[in-house]
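Each chain, written out:
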Amino acid sequence: MIGLMSKPDELLVDVAALVESGRSNQMSLTVVAGGAVITGRLAPEAVWRQRVSDVLKDSDRLGEFSGVFDAPAKNEGPPSHLHFHVARILQGTVGIPETGGMYRVAIGDVSAWTMGDFSYSDH
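Note that the coordinates shown come from a computational prediction; the quantities given were computed from them, not determined experimentally.

### Section: a nonpolar patch on the surface
Okay, so step 1: Taken together, the side chains of Leu62, Phe65 and Val68 define a hydrophobic patch exposed on the protein surface, amounting to about 280 Å² of accessible area.
Okay, so step 2: Following the sequence through the fold, valine 68 ends up in helix α3 (residues 66-70).

Encoded structure:
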């Protein structure tokens, strides 16, 4: 099967570039990628990498992987990924994990998106 490269949404690339510029880390976003709904706040890649590295350093079994995330990001051209922190995958009436997680999503895999983050409530 020949795969077709999807053209990333230029507006979403611009949003990611603004986040990467470091001028704002308050952008909340919800995306659909691979059928999953991911909602949370975007972070610059360097900040995201550092947070993941810090979590891994504290792990007895996964500490050796922290160095992979300490390596500087290769910032050539426009951003290719969104870096979510305090993010949840929405499944039914639950956000997983409840406390939020760290997700990296390829912009080219995003099939739909909207500003803001979502949470479910029974109220």
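### Quick look at the layout of surface pockets
Okay, so step 1: Estimates place the volume of the largest pocket at around 210 Å³.
Okay, so step 2: Of all the secondary-structure elements, those providing two or more residues to the lining of the largest pocket are α2 (45-57) and β3 (81-91).
Okay, so step 3: Here the residues of the lining of the largest pocket sort into 3 nonpolar, 5 polar and 6 charged.

### Some details on the pattern of salt bridges
Okay, so step 1: Scanning the entire structure with this criterion turns up 3 salt bridges.
Okay, so step 2: For arginine 49, the salt bridge goes to glutamate 45, with nearest N and O atoms at 3.0 Å. Within this pair, arginine 49 and its partner glutamate 45 are both found in helix α2, separated by 4 residues, close to a single helical turn.
Okay, so step 3: Residues aspartate 70 and lysine 57 are paired through a salt bridge, measuring 3.7 Å at the closest nitrogen-oxygen approach. Of the two residues, aspartate 70 sits in helix α3 while lysine 57 sits in helix α2, which places them 13 residues apart along the sequence.
Okay, so step 4: Since its relative accessible area comes to 38%, aspartate 70 is described here as partly exposed.
Okay, so step 5: Overlapping salt bridges bring together Glu45, Arg49 and Arg104 as one network.

### Overview of the nonpolar core
Soluble globular proteins: nonpolar side chains tend toward being buried together.
Okay, so step 1: The biggest cluster of nonpolar side chains holds 17 residues, and the ones touching the most others in it are Leu29, Val31, Ile38, Leu42, Leu82 and Phe84.
Okay, so step 2: Elements with a minimum of two residues in this core: α1 (10-20), β1 (28-33), β2 (36-42), β3 and β4 (94-106).

### Re α1
Okay, so step 1: For α1, the full list of buried residues reads Leu12, Val13, Val15, Ala16 and Val19. The buried side chains of α1 occupy one side of the element, clustering within an arc of 160 degrees when seen end-on. Set apart from the buried face of α1 by more than 90 degrees, the exposed residues are Glu10, Leu11 and Asp14.
Okay, so step 2: Buried residues belonging to α1 abut β1, β2, β3 and β5 (110-115).
Okay, so step 3: By the N-cap criterion, in which a side-chain oxygen at the helix start approaches the backbone nitrogen of a residue two or three places on, α1 is capped by aspartate 9, the distance to leucine 11 being 2.8 Å.
Okay, so step 4: Directly after α1, the chain includes glycine 22, whose backbone phi takes a positive value near 85 degrees.

### Considerations on α2
Okay, so step 1: Taking 1.5 Å of rise per residue, the 13 residues of α2 would be expected to cover 18 Å, and the 18 Å separating its terminal C-alpha atoms lies within 8% of that figure.
Okay, so step 2: Taken together, the buried positions of α2 are Glu45, Trp48, Arg49, Val52, Ser53 and Leu56. The buried residues of α2 occupy one face: seen down the axis, they fall within an arc of 135 degrees. For α2, the exposed residues lying more than 90 degrees away from the buried face are Ala46 and Val55.
Okay, so step 3: Those residues of α2 that are buried lie in contact with α1, α3, β3 and β4.

### As for the pairing of β1
Okay, so step 1: Most of β1 is tucked away: 5 of the 6 residues are buried.
Okay, so step 2: Where β1 lies against β2, 6 bridges are found, and the strand directions are antiparallel. The partner of valine 32 across the bridge, within β2, is valine 37.
Okay, so step 3: Between β1 and the antiparallel strand that follows it, β2, lie 2 residues; glycine 34 among them carries a positive phi value of about 60 degrees.
Okay, so step 4: Bridge analysis of β1 against β5 gives 5 bridges, and the strand direction is antiparallel. From the neighbouring strand, leucine 29 faces β5, where its bridge partner is methionine 115.

Conventions used here
Residues numbered from 1 in each chain as written. Predicted model: local features only at pLDDT ≥ 70, side-chain atom pairs only at ≥ 80, totals over all residues. Heavy atoms only, no water. Patch = residues over 30% accessible without salt bridge, like charges linked within 9 Å, V, L, I, M, F, W, Y side chains within 5 Å. Areas by Shrake-Rupley, 256 points an atom, 1.4 Å probe, with all protein chains shown as cover. Salt bridge = Lys/Arg side-chain N within 4 Å of Asp/Glu carboxyl O. Helix = DSSP H or I, 4+ residues; strand = E, 2+ residues; numbered from the N terminus. 1 Å grid on protein atoms, 1.4 Å probe; cavity = no way out; pocket = protein on both sides within 12 Å on 5 of 7 lines; lining within 4 Å. Points joined across faces, edges and corners; volume = space filled by probe spheres on them. Nonpolar A, V, L, I, M, F, W, Y, C, P; charged D, E, K, R; others polar. Buried < 20%, exposed > 50% of the residue type's maximum accessible area, 1.4 Å probe, protein only. Core = buried A, V, L, I, M, F, W, Y, C linked by side-chain atoms within 4.5 Å. Arc of directions from axis to C-beta. Contact = heavy atoms within 4.5 Å. Polar contact = N/O pair within 3.5 Å; in protein donor to acceptor, adjacent residues only side chain to side chain. Expected span 1.5 Å × (residues − 1). Pairing = 2+ DSSP bridges.

Bear in mind that shape data such as this cannot, by itself, settle questions of function.
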